[in-house]
Each structure stands twice: as structure tokens, then as C-alpha cells.
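# Notes for the structure review
Spelled out from the first residue to the last, the chains are:
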Amino acid sequence: MTDQLIVVSLANDGGNEAELTDQKVQSHGWVRTEEQGKGTFSIIVANDGSSWDYPPPLLISSSSANLRVMFDASVPATIDNGCLKIPLQGKGTKYKIKLSGETLTDDEEIPPPSDKLAALSLPQEGAFSSPTVEKQRFTRHVRVKSILCRPDGGAGLAGQKVLIFGWVRTGRLQGKGSFAFLEVNDGSCPAYLQVMVDASLSDDLSKLIAKGTCVVVDGCLKLPPQGTKQKIELKVEEVVSVGTVDQVTYPFPKTKPSHDHLRKYLHLRARTNLIASVARIRNALAFATHSFFQSQSFLYVNTPIITTSDCEGAGEMFQVTTLISATEKLERELIENPPPTEADVEAARVVVKERGEAVAELKSAKASEQDITASLAELANAKLSLPRTVERHLAEFWMVEPELALADLKEDMDCAEAYVRYMCTWMLDNCYDDLEVMAKNVDDGCIDRLKLVASTPFVRVTYTDAIELLKEAVAQGETFENQVEWGIDLASEHERYLTEVVFQKPVIVYNYPKGIKAFYMRVNDDGKTVAAMDVLVPKVGELIGGSQREERYAVLMNRLEEIGLPVEPYEWYLDLRRYGTAKHSGFGLGFERMVLFATGMDNIRDVIPFPRYPGRADL
């Protein structure tokens, strides 16, 4: 083990920026720097995006060697997203930190720190590229992402020896069977690493080139010949292991399988590039969700999945039962009336296209206004039936439901808007390669849609004004399947018209009629509406529903009586008003709908790993 010490004196003299003094940089390791390709240890002091009331952090990262950071236990250091952060707490703050760049063999253990020093072993991969390949923290292999997802496409890593694993997408024999080229992906990113295997390293190269084969190989990264699309490839020196595939029974052919076919193999479909991208996007949205709310000091809690409370009617969708006969009856109904297939969805799309072409032909032929209006109505009905065919309710779905103490409706809307825009920005910053997969294969507008939401303040309009806008549209010839009048619950067609046609940006509709909202939503002074809001976005319509809660005990009791709900099941809720009530607000985001919005996928069953719906709970 080599050990080169760096002593850093860190001081804050109270100016507009922090100072680093007495820097000594001597190390064999590399760290991320603000200048790409800089090959030295670097200490970066950067503003974390907050105001100067919050001291800027010291960011330290290492990738070619383990970076041990030793400091006195009194130093307020934390690990945040793979980076060591040491805040400068006011004028006169000074710390001395000892950094030790170490190269360890695979079987060498890091000795424990002394009694008076804390030792931290930092994760080996950061958001920026570095000119060396790092190992993962718990295993020896290097992720394909850390090789290919660099500004240079991995070219700067030529000469590095790595162990990688993954599944073969395509393979081909070359040189009359003397060697083979494999395209290998490990699920860390959409890109595939080209791997070259000599015949001398395998008893049978044909076993390696089969689609779906899992390989673990050790080798050296090298630059490919000029003129090839790859920036780097791996020349294998040892085939560590091979997970073979029976090509006769393998369910995924070389041709692109349909979504309907993939749903038959939920346990395998994540190995396809498209579903893998959806999974990574879903993971990123979950991470962004926790990141946003933790940064705002929310507390994460786990609520019951099964409940007898039915405040908004969702409980009518399914029931928990142990009656085998009921299950058998449901299965028989599904056989007689199966859910729509991919072919059904495609047929619905064809109808929309045909109706649109018919309208265009009538207009070009200068047909009568009556004929054109009738044709437009048929087109509108076809457009409405398409999403109903595509999306059926899941029996199991995920909700994000924050509750804000002392918040009114405006603050509730502020939080909801900030959360959605945060997620969209996070996606653009961290999942662009996966979004490009979605744009190429599913929805070419998904990236622009995310940019729109991330950068555009949401429009806020009352329910009453929204109804007036919809009535104006009807008067001008727009047709809706659901009648527009004050007091209705806005349908998806209304929501999407407002956000996609009227405003062409996200919309928050608020102050809904109390007759269509839950009993716990706060009654406004007009006595007719409640302090409720819905966040509407292009593609999916309603993404968030929320409200200011009714904190007044007497008003809450009146609402229960108006709606006809029994008091006894809600005694626990009433206790929250009897004993120390306070103003508060909250909202719920349908997580699958957010993934639909981000990816552009059409069917909600394709944005959750193992969808649960009638007749499908077999895994």
C-alpha cells in the first residue's frame, strides 16, 4: 500500500467566499475537477445552490484510489450523494484535515482508524468523469456506465484493466471463428460495451454470442480501429464465467418484441433496453422525491396499505377477500372479457388516424359544415376511447403523499409545483441518456415536455374560471364526451384540453365545488367550494390532487353529516381536531402517472416492475 499525505488548512474569514490555504497536492490518485481531464487531486469549494446564509461545502472525491479522509471528531462532516461535505460555520472557522490517497489490493483490508480520528471511505463514483476507472464499493467489477458515460465515451481509459459483467445483446463470430465481438450491457445505462473474445479463451464461442447470455470477463480497455463508432472496447484476457441461454426457448427474439409480449415475462422484461430505461427513470424519480422532501425537513413514514377508510371512493375498485369462489368467478370473467391487448391498442390508434384523415379530406373537399362537424365528433370520440383502451386501473399503485403543518392552500400549491419541477429538472440532469431512449422509441416529445415543466411557472386558475374556459371552447365548436357545467368533476379530456390547448403549460385548478370533493377538505367562505387543488400536466392530465384540510371540528362534523358518512369509523380523525388541532395541508401524487409523464409510455402497466391487475398477481 502506498500512502501519500496531504494536509489542508481550511478557513473562513467571513468574506463572500471561502478560502483554502496551504494547499499541498501530492498523490497518485485522480479526482473530479471543474476542468475536465485535470489529472491531479483537487479541493473544490463551491456554493451548493443555497444562499450564503448556508455556508458553502468542501467537496472531495476520488476515483483511482481509495481516499481516506481523517479529521478530528469535532469537525461537522457529512456524506451527501457520494461527496464529503464540511460546512464553514461562520467567520473564523478553521479546520485541519489529513487526506490519505491509498491503493489497496483486492484482499487487503483497510486498517481501523485511531481512537481520536474518524475515517471515511468514500464511494468511488461521482457525477463527473475521471481519467481512471474505479471499482464499485462492494464488488470488484466496473459498471459499464462508468466506462461509456463519459464526455470522451471512454477513450481516456485506454490501457486500464477492468472486470465487467452483463448480458449479451448481439454477438458475432469473426475471422473464421477465431474471435467474437459481443455487445454487453449490465443495466447501469442504455449503452453497450463492445467486447472482443479470442477463441483460445473459450471452449465454444457460440455459447457466448447467443442473445441473453450473461458473461463475466476480465480484460484491458483499448481504442478500437479508426472509423468505428465505438470510442473504446474491451479486449478480454479471461472469461470468468458464462450464463448460457437456450435460444430455442428464450422468450425474446432478435426482433423488437411488443409491449404486450413483454408483459407475459415480467420477470425478464427489465433486460430489454426500453424497460430497463423505464426502471432507471422510475428509480431516479424515487430518489429525487426523497431528495426533495428530505431537503425540506419532511419526515418519511410508512402508512398502512390495507385500510377500511374510503374517503375518496378508491376502495370501490377492489376488495380484500379470502373467498376462493369470488376469485374463481373473477378469473372466469377475465377469460370471457380479457383486458385489451397490444393489438387492441394499435387498432384504437388506427381508428384515430383514419378519423383524422377523414376530417382532412372533408376540409380539403370543402364539404358542408354539418359533415365536417360530424366527422370532428367522430375523431374526438376516437381520441377519447384510445386512452381508455390503453390505461386500465392498477389494483396496486404507489402514492407520494406529503402533509405540511401550518400550510394553507397557496403554500400547498407552492410545494406541489416546486416538487414536480424539481423532479423534471432532476430527470434532465441525471437521466438524459435514458430519456433519449424514450424519445427515440416511444415519445419524441418527452424531453421537451420535461423541459417545459421544469422551466415554466404553473398557471393557477379557479375551478369556476376553468369551467368558463371549457364552455367557451364548446361554443367555438370543441366537442367533449362529458358535458361541461359547473359542479362536474373535470374529466381527463377537460384536464388535458386546459393544459395542452388553452394554456399549453402546467395548470393548477383550485377551489372546487364541495359536492365533488372529500369531507376533510376545508370549506371556503362562500360555502360552496372547498380549498382543493389539482395539478394538471400535458400527456396525463391530473398528476397531483391536494387540499387544505378542515381543521374546524364543528364544520367537519357538518360535512360528515352532509355527505352521509357515519361518525364512528372516523372518530380517530376527529380526535386530531378535538385535541390540539392546527391548520395543515397536503397532496398526493400518483407515482405511476409521474413515470408515464416522464417516459411518454402509453400503458400504466409498463411503468411499474410487476403490475397488479385483475388476473395478474402470479409473481
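An account of the accompanying structure is given in this report. What you are looking at is a predicted structure, and each value in this text was computed from that prediction instead of being measured. (Residues numbered from 1 in each chain as written. Predicted model: local features only at pLDDT ≥ 70, side-chain atom pairs only at ≥ 80, totals over all residues. Heavy atoms only, no water.)

### A short note on the pattern of salt bridges
- Applying the stated criterion across every chain yields a total of 25 salt bridges.
- The salt bridge partner of E417 is R460, with a shortest N-O separation of 3.1 Å. Here R460 lies in strand β17 (residues 459-462) and E417 lies in helix α8 (residues 409-430), a separation of 43 residues in the sequence.
- Residue K517 pairs with D534 through a salt bridge whose shortest N-O separation is 3.6 Å. One end of the pair, K517, is in the loop between β18 (507-513) and β19 (529-537); the other, D534, is in strand β19, and 17 residues separate them in sequence. Both residues of the pair, K517 and D534, belong to the buried class. (Salt bridge = Lys/Arg side-chain N within 4 Å of Asp/Glu carboxyl O. Helix = DSSP H or I, 4+ residues; strand = E, 2+ residues; numbered from the N terminus. Buried < 20%, exposed > 50% of the residue type's maximum accessible area, 1.4 Å probe, protein only.)

### Section: the packing of aromatic side chains
- This structure, assessed with the given rule, holds 19 aromatic pairs.
- Between F519 and Y570, the aromatic rings sit 5.1 Å apart at their centres with planes inclined by 65°, giving edge-to-face as the arrangement. Residue F519 is found in the loop between β18 and β19, and its partner Y570 is found in the loop between α13 (553-563) and α14 (571-578); the two are separated by 51 residues along the sequence. In terms of burial, F519 and Y570 fall into one category: buried.
- Through a chain of ring-to-ring contacts, three or more aromatic side chains come together here, namely F287, F292, F293, F298, Y419, Y422, W426 and F587.
- One cation-aromatic arrangement involves R169 over Y192; the distance from NZ or CZ to the ring centre is 4.0 Å.
- Above the face of the Y512 ring, K517 is positioned so that its terminal group lies 4.3 Å from the ring centre. (Phe/Tyr/Trp six-rings, centres within 6.5 Å; stacked < 30°, edge-to-face > 60°. Lys NZ or Arg CZ within 6 Å of the ring centre and 35° of its normal.)

### Some words on the side chain of S146
- By the secondary structure assignment, S146 is in helix α1 (residues 144-148).
- Among the polar contacts made by the side chain of S146, one reaches the main-chain carbonyl oxygen of R143 at a distance of 2.7 Å. (Polar contact = N/O pair within 3.5 Å; in protein donor to acceptor, adjacent residues only side chain to side chain.)

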